Protein chains: 2
Amino acid sequence: MKIEILCTGDEILTGKTVNTNYSYMAQRLTEAGLQVHWGTTVGDDKQSLSRAFQQAGERADVVIVNGGLGPTVDDLSQELAASAAGVELELHEAWLEKLKAFYSSRGRVMPPNNIKQAMLPAGSEFIDNPIGTACGFAVDIGRARFFFTPGVPREMRRMVTEQVIPRLLKLTGLEVVTRLKRFHSFGIGESRADELLKDIEPLLPDTIKLGFQSHFPQLETKLAAVGSSESELDAALAPAEQMIRERFGNCILCEDTQTLEALIIETLRLRHATIATMEMNSGGNISNRLVNADTDGSVMHSGIVSRHINQLASTAGITTDSLEFGIDTACHLAQQLRQHTNTDYALVALVAREPADDNLRSGADIVIAIATEQQVVNRPARLMGGREWISLGSTEMALDALRRLLFDLPIDEKIDFEQQ
Amino acid sequence: MKIEILCTGDEILTGKTVNTNYSYMAQRLTEAGLQVHWGTTVGDDKQSLSRAFQQAGERADVVIVNGGLGPTVDDLSQELAASAAGVELELHEAWLEKLKAFYSSRGRVMPPNNIKQAMLPAGSEFIDNPIGTACGFAVDIGRARFFFTPGVPREMRRMVTEQVIPRLLKLTGLEVVTRLKRFHSFGIGESRADELLKDIEPLLPDTIKLGFQSHFPQLETKLAAVGSSESELDAALAPAEQMIRERFGNCILCEDTQTLEALIIETLRLRHATIATMEMNSGGNISNRLVNADTDGSVMHSGIVSRHINQLASTAGITTDSLEFGIDTACHLAQQLRQHTNTDYALVALVAREPADDNLRSGADIVIAIATEQQVVNRPARLMGGREWISLGSTEMALDALRRLLFDLPIDEKIDFEQQ
């Protein structure tokens, strides 16, 4: 089945807005085992839209159109869809009632323009939009089935996932439940991940697709599955999930929609524990991620950021002679910080960058120390790369060391990104 | 002149990579006064590419193709361009020599595959790539002139800006120098900016285009100019720049490629001054931005991040009874922090969020205080919006208050985003 995506709108055409709607749709379709073979972008212009509808209707079996369903004069999708399909526009009474109810629930009268959003090509299939005023619809143009979706990202995402993809899977004769299982790992590069799982891929049924996406320094490993029921998906995915967990081992940080920082904060919260951090040359990212994940502010006591060890120390009122970068200093600071802030955990990450610190071939020494009531653990490492890379890598390594400590995993397991 | 952009590659087609090359190209073309009227995306697939070349060659005057110039078998652009143009591939000797020299300068022998990158359609126009191994070229297909550019973003950006756009401007008969003048402001919303400048737009010559791009909480105001020489651009832009500076006044943070945080750090560095910060509920963004802008680490002493006033204070060793949110507390903390860290400036930003803090209709009270040797100044405000919005807005407001203090501007001028 040849599927095309047709994005409309001047903001997208002129590059003012980056077209993330396209990449979202293409990714979700690919993950559902469907193949996107063509993408088109045109502006809010009658001639271009008509030509794009006609050409896509000759090339494809299915066309997903995004945008142009709003209430203003430059929203042309319904009108041109009707004309390309050779039918009139027709009022969809039920949607008009819903629009009116939507406005009256907000104490407003529906502006007359919005009636346009309830005018659909005669004979088209209505597609519900539970969270917006632009409904979708499907209609045949040329040899293709066209699905029209709203340009507002969250409305488009929900409609594509819940309504368009199941319809496409039915058209292909495939079954209609899909699931995306995600593993987030740190320490395994994409090529080694591929290597680690290369004997797994041939064992997977055709209904499960394995894929990777690198969000440095994390790697996302995805299993996209299609089946006839949730229980069938459970059964089909279980062995593959199990294999990934075995092969990736301690490098799996979290799964699905969870984040590493949220996992840490939740774990500490459940244990009624608090934490303070101190970081040098990791760009303030450690405190940034933890403080933002700590939604009720009960876990993260405070974070101190500086570019110099002695300034880190003096800011926290740690009186000391001149401190040298190294494991002893990091451990000392962690213990002192824990006492000073009266917290259960203190995390210290010190990064010593080489002078030419934005050269991709330069490197950095890193020491992470974590103090608890019982002990002080440390994790030294050396990473290579430019400044941004080192900031991100050392932040991830510090948070990962804390996760490993919280779950009794070895904190000094070597990872792919460090110099051995 | 009808211009199309044709992006090739499976990574783009399947949505694995977001197509920022497209938006960059479309934006640059629009800014140069050129009009993009169609965008196409196809994968590394002979049939789709041939069809895309043929259809674009029928619709457009100019087609910019991106990607497919690499050395591997799935890089098909040269081969299919030749076949669509009805010519053979021909070795470009000079480029082959350059490729060989490139490899030998790195102590390597050129892999035989790379010869492919020097095979161009016979009679095509060579386009140099000073920073990569994929040269560009131009050739006629159908009624259109096709320009082929590499997929690597920095190579594409340079080739489009330095070589493709000047050629297109020549084709249109327009002159060939372009400039993009940018103003970054804080405190003026896009609609008010539009209002403030609405009488300016009609006065601008056709060769200058005014545009806005919102990067909340900053607004970017752009003057895209085309002319025959740099001095002509200087003369044409000067009155428009002057008008924008007058209308936006103190709200202009910085211009062109400078950032607010870099401006602050540079200003402090020139004055041999240092700074420490303390922030509550701004997500750690203040210290994050300053520490990252302080490239040599000589200005930013340290930053403390917490969700609670008393924890902020105790972390910095400020002994105090229970502190209440408010102007007095912020000023007290700023003075104490300055003494404690022995810095020239201390910046404190306290944000008190309402309990339902991720509701777009909730709000936050903000107090910013800055202590110097001579004085302590403060800036209270109230912002509305969700958590992310409040974090970004309060961070910008704190850095802006510091900028205003450094340049002797009023620090409590009301802005559009605050509740009056």
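Residues numbered from 1 in each chain as written. Chains lettered and ligands numbered in written order. Predicted model: local features only at pLDDT ≥ 70, side-chain atom pairs only at ≥ 80, totals over all residues.

**Regarding the overall build of chain A**
Working step 1: Counting secondary structure elements, chain A contains 13 helices and 17 strands.
Working step 2: Seen along its three principal axes, the alpha-carbon backbone of chain A occupies a region of about 85 × 55 × 45 Å.
Working step 3: Across chain A, the fraction of contacts at a sequence separation of at least 24, relative to all contacts at a separation of at least 6, is 65%. (Helix = DSSP H or I, 4+ residues; strand = E, 2+ residues; numbered from the N terminus. Contact = placed C-beta atoms within 7 Å.)

**A few points about the pairing of strand β13 (residues 275–280) of chain A**
Residue and element names in this part refer to chain A.
Working step 1: A large share of β13 lies buried, amounting to 6 of its 6 residues.
Working step 2: Of the two faces of β13, the one lined by Ile275, Thr277 and Glu279 and the one lined by Ala276, Met278 and Met280 are each fully buried.
Working step 3: For the crossover from β13 across helix α10 (residues 285–293) to strand β14 (residues 300–306), the handedness is right-handed.
Working step 4: Bridge count between β13 and strand β15 (residues 345–353): 6 bridges; the pairing is parallel. Bridge pairing in β15 links Glu279 to Ala349. (Buried ≥ 20, exposed ≤ 12 C-beta atoms within 10 Å, placed from the backbone. Right-handed = clockwise from strand over helix to strand, strands pointing away. Pairing = 2+ DSSP bridges.)

**Considerations on the packing of helix α10 (residues 285–293) of chain B against helix α13 (residues 387–406) of chain B**
Residues and elements named next belong to chain B.
Working step 1: The geometry of α10 relative to α13 is characterised by a closest axis approach of 9 Å and an angle of 55° between their N-to-C directions. The orientation of α10 with respect to α13, classified from their angle, is oblique. Seen along the crossing, α10 lies across α13 with a hand that is right-handed. Together, Asn285, Ile286 and Arg289 of α10 and Ser391, Thr395, Ala398 and Leu399 of α13 make up the contact between the two elements. (Axes fitted to C-alpha atoms, helices over the stretch in contact; angles between N-to-C directions. Parallel < 35°, antiparallel > 145°, perpendicular 65-115°, else oblique. Left-handed = near helix turned anticlockwise from the far one by under 90°.)

**Things to note about the relation of the copies chain B and chain A**
Working step 1: At an RMSD of 0.1 Å, chain B and chain A line up after a rotation of 180° and a shift of 0.0 Å along the axis. In the structure described here, the two chain copies are related by an operation that fits a two-fold rotation axis.
Working step 2: Most of the interface of chain B is mirrored in chain A: 100% of its interface residues are interface residues there too. (Least-squares fit on C-alpha atoms with pLDDT ≥ 70 in both.)

**Topic: helix α9 (residues 260–270) of chain A**
Residues and elements named next belong to chain A.
Working step 1: What α9 keeps buried is the set Leu260, Glu261, Leu263, Ile264, Ile265 and Leu268.
Working step 2: Taken together, the buried residues of α9 touch β12 (252–255), β13, α10 and α13 (387–406).
Working step 3: At the C-terminal side of α9, His272 shows a positive phi close to 55°.

**Here we look at the sheet that holds strand β1 (residues 3–8) of chain B**
Working step 1: Judged by pairing direction, the sheet is mixed, and its 12 strands sit side by side in the order β6(A)-β7(A)-β8(A)-β3(A)-β1(A)-β2(A)-β2(B)-β1(B)-β3(B)-β8(B)-β7(B)-β6(B) without closing on themselves. Each having just a single partner strand, β6 (125–127) of chain A together with β6 (125–127) of chain B make up the two edges of the open sheet. Strand-to-strand, the axes of this sheet are offset by a mean angle of 20°, without reference to chain direction.
Working step 2: Sitting on the sheet, helix α4 (residues 77–85) of chain A touches β1 (3–8), β3 (62–66), β7 (136–141) and β8 (144–149) of chain A, and the angle it makes with β7(A) is about 25°.
Working step 3: The strands that helix α4 (residues 77–85) of chain B touches are β1, β3 (62–66), β7 (136–141) and β8 (144–149) of chain B; relative to β7(B), the one it contacts most, it runs at about 25°.

**Quick look at the pairing of β14(A)**
Working step 1: Counting buried positions along β14(A) gives 7 out of 7 residues, so the element sits mostly inside the fold.
Working step 2: Across 6 bridges, the pairing between β13(A) and β14(A) is parallel. Within β14(A), the position partnered with Glu279(A) by the bridge is Val305(A).
Working step 3: Of the pairings in the sheet, the one linking β14(A) to strand β14 (residues 300–306) of chain B comprises 3 bridges and is antiparallel in character. Bridging from a neighbouring strand, Ile304(A) pairs with Ile304(B) of β14(B).

**A word on the interface of chain B and chain A**
Working step 1: If you look at the interface, chain B gives 48 residues, while chain A gives 48 residues.
Working step 2: Among the elements of the structure, α2 (20–31), β2 (36–42), α3 (46–59), α10, β14 and α11 (309–315) of chain B are those that each provide at least two residues to the side of chain B that touches chain A.
Working step 3: A total of 8 residues in the side of chain B that touches chain A trace back to one element, the largest contributor, which is α2(B).
Working step 4: Across the side of chain B that touches chain A, the residue classes tally to 15 nonpolar, 30 polar and 3 charged. (Nonpolar A, V, L, I, M, F, W, Y, C, P; charged D, E, K, R; others polar.)

**Some details on the sheet that holds β13(A)**
Working step 1: With respect to topology, 10 strands assemble into an open sheet ordered β17(A)-β16(A)-β15(A)-β13(A)-β14(A)-β14(B)-β13(B)-β15(B)-β16(B)-β17(B), the strand pairing being mixed. Because the sheet does not close on itself, it has two edges, and the strands there are β17 (376–384) of chain A together with β17 (376–384) of chain B. On average, each strand axis in the sheet is tilted by 10° relative to the strand beside it, whichever way the strands run.
Working step 2: Summarising the sheet, β15(A) and strand β16 (residues 363–371) of chain A pair through 8 bridges and their orientation is antiparallel. Bridge pairing in β16(A) places Leu347(A) opposite Ile370(A).

**Topic: the nonpolar core**
Working step 1: Within the largest apolar cluster, 228 residues are counted, with the highest numbers of intra-cluster contacts made by Phe146(A), Leu347(A), Val348(A), Ile368(A), Phe146(B), Val348(B) and Ile368(B).
Working step 2: Ignoring any residue separated from it by four or fewer positions in sequence, one finds Val348(A) in contact with Met278(A), Ala330(A), Leu333(A), Ala334(A), Leu337(A) and Ala369(A). (Core = buried A, V, L, I, M, F, W, Y, C linked by C-beta atoms within 7 Å.)

**Some words on α3(B)**
Every α-helix carries 3.6 residues per turn, so stepping three or four residues along brings you back to the same face.
Working step 1: In this model, α3(B) (14 residues) spans 20 Å end to end at C-alpha, consistent with the 20 Å of a helix rising 1.5 Å per residue.
Working step 2: Within α3(B) the residues assigned to the buried category are Ser48(B), Leu49(B), Ala52(B), Phe53(B), Gln55(B) and Ala56(B). (Expected span 1.5 Å × (residues − 1).)

**Here's the deal with the domain arrangement of chain A**
All names here are of chain A.
Working step 1: The domains assigned to chain A are domain 1 (3–172), domain 2 (177–255) and domain 3 (260–406).
Working step 2: Placing a centre on the C-alpha atoms of domain 2 and another on those of domain 3 gives a separation of 31 Å.
Working step 3: Every contact between the two is made by 7 residues of domain 2 and, on the other side, 8 residues of domain 3.
Working step 4: Of the residues that constitute the side of domain 2 that touches domain 3, the class distribution is 5 nonpolar, 2 polar and no charged. (Domains from an automatic or database assignment.)

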